[in-house]
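Understanding the architecture of this molecule
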Amino acid sequence: SAVISQKPSRDICQRGTSLTIQCQVDSQVTMMFWYRQQPGQSLTLIATANQGSEATYESGFVIDKFPISRPNLTFSTLTVSNMSPEDSSIYLCSVASDRGGEQYFGPGTRLTVT
Amino acid sequence: AQRVTQPEKLLSVFKGAPVELKCNYSYSGSPELFWYVQYSRQRLQLLLRHISRESIKGFTADLNKGETSFHLKKPFAQEEDSAMYYCALRGGFKTIFGAGTRLFVKA
């Protein structure tokens, strides 16, 4: 298994500003993902964070809005740029087991945009 | 296209009653199916996966390729089973999740 930590755990931000969320894993992992979980809804995959190359974004998500860094196999950041109230959500970092395919999740970052 | 459907947003049962959380999927290849659970104030965690065919906390799930279903079952629900349950499908390198079913087990 993998232990994942995220910072910050929560934040309240003004519209138009940006927030960078950090994800740290206690072991090297190949696959790292960022999800969004809006209030009362399921998890939506934002992107796959690739080490050493640009992230792979899902339909509806773009790099200008959600830039992602993955400098090594244990760390990634997600930035939510030019925030609006619609970005209020829980953002989850996740890694996939290289063997079994199951995923492990961080505790999430609860973002409120006012 | 990959899709996971959980038709029930909320399922309420009495303690000791059987419970079945429904999950249907759409995928063109051979999927890997999982059930994840999120207890109150805890992070999302894996409950079980179809490959292992195991029983975890009394829960089982059988993959039915003909009906494209992966329903989660438990013969006797316990109060501590109250949680949010997500069915998930892994195709390729990424996993998508159903909308989730909140299970509430009443005393």
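Per chain, residues are indexed from 1 in the order of the written sequence. Chain labels run from A onward and ligand labels from 1 onward, assigned in the order the entries are written. Residue-level local features of this predicted model are given only where pLDDT is at least 70; pairs of side-chain atoms are given and counted only at 80 or more, and the full residue set underlies all totals for whole chains, interfaces and linings. The side-chain values count all of the structure's non-hydrogen atoms but skip hydrogen atoms and water molecules.

Turning our eyes to something else, we now look at the pattern of salt bridges. One speaks of a salt bridge when a side-chain nitrogen belonging to Lys or Arg is within 4 Å of a carboxyl oxygen belonging to Asp or Glu. Using the criterion set out here, one finds seven salt bridges over all chains in the structure. A salt bridge links Arg49 of chain B to Glu102 of chain A; its shortest N-O distance comes to 2.7 Å. Of the two residues, Arg49 of chain B sits in strand β6 (residues 45–49) while Glu102 of chain A sits in the loop between β9 (89–96) and β10 (103–105), which places them in two different chains. Judged by its relative accessible area of 23%, Arg49 of chain B is partly exposed. The salt bridge partner of Lys22 of chain B is Glu20 of chain B, with a shortest N-O separation of 3.1 Å. Take Lys22 of chain B: its relative accessible area is 30%, and that puts it in the partly exposed class. If you follow the salt bridges from partner to partner, you end up with Glu20, Lys22 and Lys73 of chain B in one network. Put simply, DSSP marks the helices as runs of H or I at least four residues long and the strands as runs of E at least two long, and each gets a number from the N terminus on. Classification of residues uses two cut-offs on accessible area relative to the type maximum, computed with a 1.4 Å probe and protein chains only: under 20% is buried, over 50% is exposed, and between them is partly exposed.

Following the sequence through the fold, His71 of chain B ends up in the loop between β7 (60–61) and β8 (72–74). In protein, a polar contact means a hydrogen-donor-capable atom and an acceptor-capable atom, both N or O and within 3.5 Å, with residues adjacent in sequence counting only if both atoms are side-chain atoms; elsewhere, any N or O pair within 3.5 Å suffices. In terms of polar contacts, His71 of chain B uses its side chain to reach the backbone amide nitrogen of Cys23 of chain B, at 2.9 Å.

For the largest pocket, the calculated volume is near 870 Å³. Breaking the lining of the largest pocket down by element, the ones donating at least two residues are β9 and β11 (109–113) of chain A together with β9 (83–91) and β11 (101–106) of chain B. In terms of residue count, β11 of chain A provides more of the lining of the largest pocket than any other element does, four residues in total. Its volume calculated, the second largest pocket comes out at about 150 Å³. Residue lining of the second largest pocket: eleven residues in total, with Ser1, Ala96, Ser97, Asp98 and Tyr104 of chain A positioned closest to the centre. Ten residue types, Ala, Val, Leu, Ile, Met, Phe, Trp, Tyr, Cys and Pro, are classed as nonpolar, four, Asp, Glu, Lys and Arg, as charged, and the remainder, Gly among them, as polar. Along the lines of polarity and charge, the residues of the lining of the second largest pocket split into four nonpolar, four polar and three charged. Of the grid points, spaced at 1 Å and generated over the protein atoms alone, those admitting a 1.4 Å probe that cannot get out make up cavities, while open sets with protein on both sides within 12 Å along at least five of seven lines make up pockets; any residue with an atom within 4 Å of a point is treated as lining. Grid points are joined across faces, edges and corners, and a volume is the space filled by probe spheres set on the points.

Further remarks concern the packing of aromatic side chains. Pairing of aromatic rings covers Phe, Tyr and Trp, the last counted by its six-membered ring, and requires centre-to-centre distances within 6.5 Å; plane angles under 30 degrees mean stacked, over 60 mean edge-to-face, and any other angle means tilted. Under the criterion given, the structure shown has eight aromatic pairs over all chains. Between Phe105 of chain A and Tyr36 of chain B, the aromatic rings sit 5.8 Å apart at their centres with planes inclined by 90°, giving edge-to-face as the arrangement. With Phe105 of chain A in strand β10 and Tyr36 of chain B in strand β5 (residues 32–38), this pair bridges two chains. For the pair Phe105 of chain A and Tyr36 of chain B, a shared accessibility class is recorded, and that class is buried. A centroid spacing of 5.8 Å and a plane angle of 70° characterise the contact between Phe105 of chain A and Phe97 of chain B, whose relative ring orientation is edge-to-face. Pair noted here: Phe105 of chain A is in strand β10 and Phe97 of chain B is in strand β10 (residues 94–97), and the two residues belong to different chains. Grouping residues by exposure puts Phe105 of chain A and Phe97 of chain B together as buried.

For the rest of this paragraph, the subject is the sheet that holds strand β8 (residues 75–80) of chain A. Residues and elements named next belong to chain A. Strand order in the open sheet formed by four strands is β1-β3-β8-β7, and the pairing between neighbours is antiparallel. In this open sheet, the two strands that pair with only one neighbour each are β1 (4–7) and β7 (68–72). Taking the axes of each pair of neighbouring strands and ignoring which way they run, one obtains an average angle of 15° across the sheet. Two strands are said to pair when DSSP picks up at least two bridges between them. Direction of pairing for β7 relative to β8: antiparallel, over a ladder of three bridges. Angular values range over 0 to 180 degrees, each being the angle between N-to-C directions of two axes fitted as lines to C-alpha atoms, with helices fitted over their stretch in contact.

Attention now moves to the interface of chain B and chain A. A common measure of how large an interface is: the accessible area buried when the components associate. Taken together, the contact pairs 17 residues of chain B with 18 residues of chain A. By convention, the term buried area covers the 1.4 Å-probe accessible surface removed from two parts as they join, with the contributions of both added. When the area that chain B buries against chain A is broken down by residue, the three leading residues are Arg43, Lys94 and Phe97 of chain B, summing to 34%. A salt bridge links Lys94 of chain B to Glu58 of chain A; the shortest N-O distance between them is 2.7 Å. Taken together, chain B and chain A are joined by nine residue pairs in polar contact (both at pLDDT 80 or more). Of all elements in the fold, only β5, β6, β9 and β10 of chain B reach the threshold of two or more residues within the side of chain B that touches chain A. Element by element, the count of residues in the side of chain B that touches chain A is highest for β5 of chain B, at four residues. Looking at the side of chain B that touches chain A, its residues break down into eight nonpolar, three polar and six charged. The contact criterion used throughout is that any non-hydrogen atoms of two residues lie within 4.5 Å.

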